[in-house]
Amino acid sequence: MDIERVWQVAAAEGARSPCSKSKRGVVVWRGDQILAWASNRPPYPFTCDGSAGCRASCGKVAVHAEQGALLSCLESCIDVRGAEMLHTRVSLVGDSFVGVFGGPPSCPDCSKLVLQSGIAGMWLIEERDGRPTPVRYTSHEFHDLTLRDCGLHPYYREKT
């Protein structure tokens, strides 16, 4: 599947996020088939009220886009082993939302779910040559980057 098209779908989904702090979108796909998409949002039936308190606790209480997409696959009995996932932050540019650089990996909960679920590749939008660019990491690399960027030490050893 064309990575630019996947990024557009993730950005469109992220634009639907009710979060007033940081809109995020994710797409999970295998080959030419999109398996799931999701945006960050409070768990149902809660809503984002945009208050300072909501914004401050959002990262801890919202269902992250990665989590939402994996839950969607689980609910539909879709095996994600070997699939790809792309994550983007969206920002309002002019009169439309577009996928933009999302910063370094910052959620150990999401990275361990991506790794444990068997996702093969995690695509992040990074700043390359002055423009946002999709960059692929294996799920293991993504988890290691997340732990490093969060100041956490991997306490495990890979099986050999």
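Residues numbered from 1 in each chain as written. Predicted model: local features only at pLDDT ≥ 70, side-chain atom pairs only at ≥ 80, totals over all residues. Heavy atoms only, no water.

Undergrad: Before we go on, may I ask you to explain the overall build of the protein in this structure?
TA: Counting its regular elements, the protein contains 5 helices and 6 strands. Mapped from its N terminus to its C terminus, the protein presents α and β elements in the order α-β-β-α-α-β-β-α-β-β-α. Taking 160 residues into account, the globule formula puts the C-alpha radius of gyration at 15 Å, and the protein, at 15 Å, falls close to it. Look at the contacts in the protein between residues 6 or more apart in sequence, and 62% of them connect residues 24 or more apart. Roughly 9300 Å² of accessible area belongs to the protein as shown, and the carbon and sulfur atoms make up 54% of that amount. Placing the 18 positive and 18 negative side-chain charges of the protein at their respective mean positions leaves the two points 4 Å apart. (Helix = DSSP H or I, 4+ residues; strand = E, 2+ residues; numbered from the N terminus. Rg over C-alpha atoms; globule rule 2.2 N^0.38 Å. Contact = heavy atoms within 4.5 Å. Areas by Shrake-Rupley, 256 points an atom, 1.4 Å probe, with all protein chains shown as cover. Lys, Arg positive; Asp, Glu negative; His and termini not counted. Charge placed at Lys NZ, Arg CZ, Asp CG, Glu CD.)

Undergrad: Is there a simple way to think about the pattern of salt bridges in this case?
TA: Side chains that differ in sign of charge can pair as their charged atoms come close. One pass over the full model with this rule turns up 6 salt bridges. Its salt-bridge partner being Glu13, residue Arg16 comes within 2.9 Å of it at the nearest N-O pair. Where Arg81 meets Asp79, a salt bridge forms, and the shortest distance between an N and an O atom there is 2.6 Å. (Salt bridge = Lys/Arg side-chain N within 4 Å of Asp/Glu carboxyl O.)

Undergrad: What is the right way to read helix α3 (residues 65–75) from this model?
TA: Structurally, the α-helix is built with 3.6 residues per turn, so residues lying three or four positions apart point the same way. Regarding α3, the residues found buried are Ala65, Glu66, Gln67, Gly68, Ala69, Leu70 and Cys73. In this structure, the buried side of α3 is in contact with β1 (23–30), β2 (33–39), β3 (84–93), α4 (108–117) and β5 (121–128). Two residues or fewer past α3, Cys77 is found with a positive phi of approximately 55°. (Buried < 20%, exposed > 50% of the residue type's maximum accessible area, 1.4 Å probe, protein only.)

Undergrad: Would you take a moment to explain the side chain of His64 for this structure?
TA: Among the structural elements, His64 can be located in the loop between α2 (52–61) and α3. Not counting the four nearest positions on each side in its chain, His64 is found in contact with Asn40, Gly59, Cys107 and Cys110.

Undergrad: What am I meant to see in the packing of aromatic side chains here?
TA: Aromatic rings considered in pairs are described by the distance between their centres and by the relative angle of their planes. According to the stated counting rule, one finds 1 aromatic pair in the structure shown. Measuring from centroid to centroid gives 6.4 Å for Trp29 and Trp123, while their planes differ by 40°, and the two rings are tilted. Separated by 94 residues along the polypeptide, Trp29 in strand β1 and Trp123 in strand β5 bring together distant segments of the chain. Across the pair, Trp123 and Trp29 agree in class, each one buried. (Phe/Tyr/Trp six-rings, centres within 6.5 Å; stacked < 30°, edge-to-face > 60°.)

Undergrad: Looking at this structure, I do not really get the nonpolar core. What am I missing?
TA: Across soluble globular proteins, you tend to see nonpolar side chains buried next to one another. Counting residues in each nonpolar core, the largest one holds 20 residues, and the members touching the most others are Val28, Val80, Met85 and Ile119. Within the residue set of this core, elements represented by two or more residues are β1, β2, α3, β5, β6 (131–138) and α5 (139–149). No other element matches the 4 residues that α3 contributes to this core. Apart from residues no more than four positions distant in its own chain, Val28 is found in contact with Gln33, Ile34, Leu35, Ala36, Ala69, Val80, Ala83, Glu84, Met85 and Ile119. (Core = buried A, V, L, I, M, F, W, Y, C linked by side-chain atoms within 4.5 Å.)

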